Amino acid sequence: MESYLQKVLPREEQDYDRAKELKAFDDTKAGVKGLVDASVVRVPRIFLMPPEDILSTMLNDHVDSFQIPIIDLRDIKSDPAEHKEIVEKIRYASEKWGFFQLTTMASPKMS
């Protein structure tokens, strides 16, 4: 009986031996820089997620566990230690996630 992957993948992909290709790449000792120096224009298959992992990821999608970082600015001006911690949280969220949500922001007084 054919598996789902055997039905959807081209024959050459079914026979692909990722471990063998990865070992051959490692044996060159050229690394990714060697690919750049060789002007490679197509990403080698060893750097792509295997189709069975993609399928598994789609089936086990854990979107409900995703949470946008929330940073509370309540004490940013009142406590120097808290200010430093908030700045660090913003730095981490920016580097790790690329975005974050701010809460408890004081609006400027209108005169």
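Residues numbered from 1 in each chain as written. Predicted model: local features only at pLDDT ≥ 70, side-chain atom pairs only at ≥ 80, totals over all residues. Heavy atoms only, no water.

Lay out the overall build of the protein chain in plain terms, naming residues and giving numbers.
Across its full length, the protein chain carries six helices and two strands. Starting at the N terminus, the α and β elements of the protein chain follow one another as α-α-α-α-α-β-α-β. Residue burial in the protein chain is summarised as follows: out of 111 residues, 9% are buried. Of the contacts made within the protein chain by residues no fewer than 6 positions apart, 60% connect residues no fewer than 24 positions apart. (Helix = DSSP H or I, 4+ residues; strand = E, 2+ residues; numbered from the N terminus. Buried < 20%, exposed > 50% of the residue type's maximum accessible area, 1.4 Å probe, protein only. Contact = heavy atoms within 4.5 Å.)

Please provide a residue-by-residue account of the environment of Ser94, values included.
One can find Ser94 in helix α6 (residues 80–96). Take Ser94: its relative accessible area is 36%, and that puts it in the partly exposed class. A sequence separation of 25 residues divides Ser94 from Pro69, and the C-alpha atoms of the two residues are 9.5 Å apart. In this structure the side chain of Ser94 is engaged in a polar contact, spanning 2.8 Å, whose partner is the backbone oxygen of Ile90. (Polar contact = N/O pair within 3.5 Å; in protein donor to acceptor, adjacent residues only side chain to side chain.)

Residues and numbers for α6, please.
For α6, built from 17 residues, the straight-helix expectation of 24 Å at 1.5 Å per residue is met to within 8% by its first-to-last C-alpha distance of 24 Å. The N-terminus of α6 is capped by Asp79, whose side-chain oxygen sits 3.2 Å from the backbone nitrogen of Ala81. One or two positions beyond α6, positive phi appears at Gly98, with a value near 90 degrees. (Expected span 1.5 Å × (residues − 1).)

How would you explain a nonpolar patch on the surface if you had to name every residue and give the values?
On the surface, Val32, Val36, Val43, Phe47 and Leu48 cluster together into a nonpolar patch covering about 460 Å² of accessible area. Tracing the chain through its elements places Val43 in the loop between α4 (31–37) and α5 (51–59). (Patch = residues over 30% accessible without salt bridge, like charges linked within 9 Å, V, L, I, M, F, W, Y side chains within 5 Å. Areas by Shrake-Rupley, 256 points an atom, 1.4 Å probe, with all protein chains shown as cover. Salt bridge = Lys/Arg side-chain N within 4 Å of Asp/Glu carboxyl O.)

Lay out unusual backbone geometry in plain terms, naming residues and giving numbers.
Despite not being glycine, Lys29 has its phi angle at roughly 60 degrees, a positive value. Residue Lys29 is classed as exposed on the basis of its relative accessible area, which comes to 72%. With a phi close to 55 degrees, Ser39 is a non-glycine residue in the positive phi region. Locating Ser39 in the fold gives a position in the loop between α4 and α5. For Ser39, a relative accessible area of 54% gives the class exposed.

Hey, could you go over the packing of aromatic side chains for me, with residue numbers and the actual values?
Evaluation of the coordinates by the stated rule reveals one aromatic pair. An angle of 85 degrees between the planes, with centres 5.4 Å apart, marks the rings of Phe25 and Phe47 as edge-to-face. Here Phe25, found in helix α3 (residues 18–28), pairs with Phe47, found in the loop between α4 and α5; they are 22 residues apart in sequence, far enough to count as distant. A residue is classified by how much of its surface remains accessible, and Phe47, at 41% relative accessible area, is partly exposed. (Phe/Tyr/Trp six-rings, centres within 6.5 Å; stacked < 30°, edge-to-face > 60°.)

Go over the environment of Phe100, please, and point to the residues and values.
Looking at the secondary structure, you find Phe100 in the loop between α6 and β2 (101–103). Residues Phe100 and Ile68, spaced 32 residues apart in sequence, show a C-alpha to C-alpha distance of 5.9 Å. Beyond its immediate chain neighbours, meaning those up to four positions away, Phe100 contacts Ile68, Pro69, Ile71, Ile90, Ala93 and Ser94.

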